[in-house]
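# Understanding the architecture of this molecule
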Number of protein chains: 2
Amino acid sequence: MFSAQTYVERRQALAHRMEGRGLVVLPGNGESPINYPNNAYRFRQDSTFLYYFGLDVPGLVGVLDTDTGEATLFGDDFTVDDIIWMGPQPKIAELAVKVGVTKSAPIARLETTIAEATARGRAIHIMKPYRGETRLMLERIVPDAFLAPSEALIMAAVAQRDKKSAEEIAEIEKACAIGYKMHTLAMSMCRPGVREQDIAGAIEGVALREGWGTSFHSIVSQHGETLHNHSHAGTLQEGRLLLVDAGAEANSNYCSDFTRTTPVSGKFTTKQKEIYDIVLAANNHAIKVSGPGVRYVDVHLSSARVIVEGLHGLGLVMGDIDAAVAAGVHALFMPHGLGHQMGLDVHDMENYGEQYVGYNAETPRSTDPACSTCRMGRRLEPGMVVTVEPGLYFVPELIAKWRAEKRATEFVNYDRVETYLDFGGIRLEDDMLVTETGTRLLGKRLPITTEEVEAATAASLG
Amino acid sequence: MFSAQTYVERRQALAHRMEGRGLVVLPGNGESPINYPNNAYRFRQDSTFLYYFGLDVPGLVGVLDTDTGEATLFGDDFTVDDIIWMGPQPKIAELAVKVGVTKSAPIARLETTIAEATARGRAIHIMKPYRGETRLMLERIVPDAFLAPSEALIMAAVAQRDKKSAEEIAEIEKACAIGYKMHTLAMSMCRPGVREQDIAGAIEGVALREGWGTSFHSIVSQHGETLHNHSHAGTLQEGRLLLVDAGAEANSNYCSDFTRTTPVSGKFTTKQKEIYDIVLAANNHAIKVSGPGVRYVDVHLSSARVIVEGLHGLGLVMGDIDAAVAAGVHALFMPHGLGHQMGLDVHDMENYGEQYVGYNAETPRSTDPACSTCRMGRRLEPGMVVTVEPGLYFVPELIAKWRAEKRATEFVNYDRVETYLDFGGIRLEDDMLVTETGTRLLGKRLPITTEEVEAATAASLG
């Protein structure tokens, strides 16, 4: 948690942007049951609530009056009987003070507060709920007219949250330091016969020891080409590549997100190294051309050009390189965008909607196949944190689909591409801060050249 | 997952018990969002669905027709586009076959199936939902008249699930083996200066490497007297006791649950050993007197008598021991029950309601302070798995409350008790199977005598 002043200033800025628009209602998260009501997953506070009200405690709701700038914290104090089982617990009013809020009230008062405001013709602004429990609560107390997510609130929150302060960057760097330990541990465990679950469990243990836990369900797979792959059922085999896409949350819930791809046998084959070095070049190129004022969709395309050029060199792509990029040929090999914003969420503010976070009026979402897969397209600004994660995959089902549809036959040498059907995939992901003058990678850079990665594997460590 | 025949037999038995009562609707769990819709906690299937339909896959609903015995699996197949990102995926009909179900249908058909049944005057039976998403779904498709949990369904499910089969016991023993590794690792890390979070993270890493993860949020605390204590914020200090209450789920989701209490400095003090040995005696006594046909509330009271007797020996309790137990004096020192059933849930079937799982018509829940805290009171039967977890705590707030209320002043030597206010708490928990002839502890028994525990700590390991 930051100082009370930080939260006061954040709420003041929000009230200012929303001035005269009524009440902003920000529900914190409750407990999330696993298999019965009293057995809950590790509590994770809602990121918007954390940003404006800072308290990592379940069952709270923050309300901001945009006319007066006054904030109220709603929550219920523990009973004496609760305290016997839980030990001494702070009162809601004491929690409120920690984040500079002077007014607090029991949860039951929230309903009347909202009813009174709407009776006086004032509007209610909420974010879209992503948990069933929050949705049930909002549907009960917020009039139907105000149940749609508030675009004004979303745009105000994005404008604040997408520029990270120095204290936020320091927290993200803590998460990056945990990510460094996780990935180097994974590399050091990487050898034939080890189960993917062994590595996934070991690195998640690191995330739990050092911070809140993983920032998302780790991808630890020899099927790097399967982008939505959450299985850890495989056992590492000689000659394969292990893709690990994993990050941590610091105890403050700020996130990191890194991907590395490691040869199970400790050495890349020539064929693997050729592809790997193309992805590495695309990663380094993206970092080099990024900076304040640059549109991220242009970085994506520029990085995609490096990939297409590399594949051209290997004879997998034919014809004019710029024309191939313009036709979106890279989407066959990298069917995802270059990156996303990162902060209190690993995909920062993804619950607000991509059109507000990754795009804006100046840079709307494109339907062009060359850049339609990007989560983030808009101009970079100082203080933004984005991931840089080019990849190169051979997805048998996608290759078959394109070939069947005769897509880009003038650019793709399908016969040659099909000699890579058992290749898998490679992705290399770093976390980048946009500065006033350029960019800076966050955290110590993980081993990334083939030599560095080979030196970090189990085979090399003996 | 067990064989298809196992699930066929379980459903047949359920249909038989519920014969002629209409449709049983068992929703599996969906994904549970952490901080935005696409970032979910580790998927955990609903235990009732797992028991009858066995599939560890989100988004399914099982329906059993109690007249015909016919089961239907509702779920949606992945699209070709999904499969490009997820790799080859089984069809719902293929999943159904794995658990002996021959009929399957898209989720959209569930609503009409229920509507058709109720139109023909048939009843719908559901369990009480514990997740907001499930509740929203059921409220949408099940008529109000059938939204209350079905007592007939609950009682039928309890009658099946509370007797574990040999293949279930084998899975619980896998979970116990993981728990053994977790607890011995915790003991080996226990020394001054180590953070509770270090130990909690390390043992959770073991649970994730070896199985699904922890069966509940681990208690790793020097405040053992705080029963509902989920904080891992402390740093281990010389002279304190560390209480670790933690268990694992095997990949099949069968659970274990153990508690051990370890001296941070590697050696129990005389005062600590005196209390510890009382708890150990209560644990061993409870295991000895348990067996088929014995009411667990009687085991609780018999074990409580060992604790009161021990405290009498130390001068903390005065007067007649049996009268003190009858007056519920042990509830000051052990304000919880002796144990609970364990299986696919660590508190097995807790979502069904304690009155059905821990009690029954023969043994209803007691309001007598001597046994009102028990989750489980009814007669043990062969195949049941229960935890045995006596404890002895000095809860300052509870002692102050009793003293202020002048409770049991003829039995409690409050002045003496107050010399233990900084003691903390001790709990020792094992997992026990009730056999045809007696009981058997599940898993290799963790170090439990003071000598065994001391030998397993960091101090002794160097």
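## Some thoughts on the sheet that holds strand β1 (residues 23-27) of chain B
All names here are of chain B. Taken in spatial order, the five strands line up as β6-β5-β4-β1-β7 in an open sheet, and their pairing is mixed. Lying at the two open borders of the sheet, with one neighbouring strand each, are β6 (103-105) and β7 (124-125). Pairing of strand β5 (residues 71-74) with β6 involves three bridges; the strand directions are parallel. Pairing of Leu73 across the sheet is with Ser104, part of β6.

## A few points about helix α8 (residues 166-189) of chain B
Taking 1.5 Å per residue as the helical rise, α8 of chain B with its 24 residues ought to reach 34 Å, and the 35 Å between its terminal C-alpha atoms agrees with that figure. Those residues of α8 of chain B that sit buried are Glu168, Glu171, Ile172, Ala175, Cys176, Ile178, Gly179, Met182, His183, Ala186, Met187 and Met189 of chain B.

## Some remarks on the relation of the copies chain A and chain B
Between chain A and chain B, the superposition needs a rotation of 180° and an axial shift of 0.0 Å, giving an RMSD of 0.0 Å. What the superposition gives is, in effect, a two-fold axis relating one chain to the other. Interface residue correspondence from chain A to chain B reaches 100%, placing this contact among same-surface, isologous pairings.

## Examining the interface of chain A and chain B
Accessible area lost upon the coming together of the parts serves often as the stated size of an interface. On the chain B side, the residues contacting the 49 residues of chain A number 49 residues. Contributions of two or more residues to the side of chain A that touches chain B are made by β2 (33-36), α3 (80-86), α6 (132-141), α9 (196-210) and α15 (396-404) of chain A. If you tally residues by element for the side of chain A that touches chain B, the top one is α9 of chain A, at nine residues. Looking at the side of chain A that touches chain B residue by residue, the class counts come to 19 nonpolar, 17 polar and 13 charged.

## Points about the domain arrangement of chain A
Residues and elements named next belong to chain A. Looking at the assigned domains, one finds that chain A contains domain 1 (4-161) and domain 2 (166-461). Between domain 1 and domain 2, the contact holds 13 residues from the first and 12 residues from the second. If you list the elements that add at least two residues to the side of domain 1 that touches domain 2, you get α2 (47-53) and α7 (151-161). Partitioned by chemical class, the residues of the side of domain 1 that touches domain 2 number eight nonpolar, two polar and three charged.

## Some thoughts on the environment of Tyr180 of chain A
Residue and element names in this part refer to chain A. With respect to the helices and strands, Tyr180 occurs in helix α8 (residues 166-189). In this structure the C-alpha to C-alpha distance between Tyr180 and Phe258, which are 78 residues apart in sequence, comes to 8.4 Å. If we ignore the near neighbours within four places in the chain, the residues touching Tyr180 are Gly443, Lys444 and Leu446.

## Describing the confidence of the model for chain A
Here chain A shows a mean pLDDT of 96. Residues at 70 or above account for 100%. Confidence metrics for the complex model read pTM 0.96 and ipTM 0.95.

## Here's the deal with the nonpolar core
Within the largest apolar cluster, 262 residues are counted, with the highest numbers of intra-cluster contacts made by Val25, Ile307 and Val329 of chain A together with Val25, Ile307 and Val329 of chain B. Each residue touching Ile307 of chain B, except ones within four places of it in the same chain, is listed here: Ile278, Ala282, His330, Phe333, Met334, Pro390 and Leu392 of chain B.

## Some details on the environment of Pro364 of chain B
Topologically, Pro364 of chain B is positioned in the loop between α14 (354-357) and β13 (385-388). Taking the C-alpha atoms as reference, Pro364 of chain B lies 15 Å from Val294 of chain B; in sequence the two are 70 residues apart.

## Some points on the sheet that holds strand β9 (residues 219-221) of chain A
All names here are of chain A. Strand order in this open sheet of three strands is β9-β10-β12, and the pairing throughout is antiparallel. Strands at the two margins of the open sheet, each flanked by one partner only, are β9 and β12 (258-263). Taken over all neighbouring pairs, the strand axes of this sheet differ in orientation by 10° on average, direction set aside. As paired elements, β9 and strand β10 (residues 241-246) share three bridges and run antiparallel to each other. In the sheet register, Ile219 faces β10, and the bridge partner there is Asp245.

Definitions and limits used
- Residues numbered from 1 in each chain as written.
- Chains lettered and ligands numbered in written order.
- Predicted model: local features only at pLDDT ≥ 70, side-chain atom pairs only at ≥ 80, totals over all residues.
- Pairing = 2+ DSSP bridges.
- Helix = DSSP H or I, 4+ residues; strand = E, 2+ residues; numbered from the N terminus.
- Expected span 1.5 Å × (residues − 1).
- Buried ≥ 20, exposed ≤ 12 C-beta atoms within 10 Å, placed from the backbone.
- Least-squares fit on C-alpha atoms with pLDDT ≥ 70 in both.
- Contact = placed C-beta atoms within 7 Å.
- Nonpolar A, V, L, I, M, F, W, Y, C, P; charged D, E, K, R; others polar.
- Domains from an automatic or database assignment.
- pLDDT = per-residue confidence, 0-100.
- Core = buried A, V, L, I, M, F, W, Y, C linked by C-beta atoms within 7 Å.
- Axes fitted to C-alpha atoms, helices over the stretch in contact; angles between N-to-C directions.

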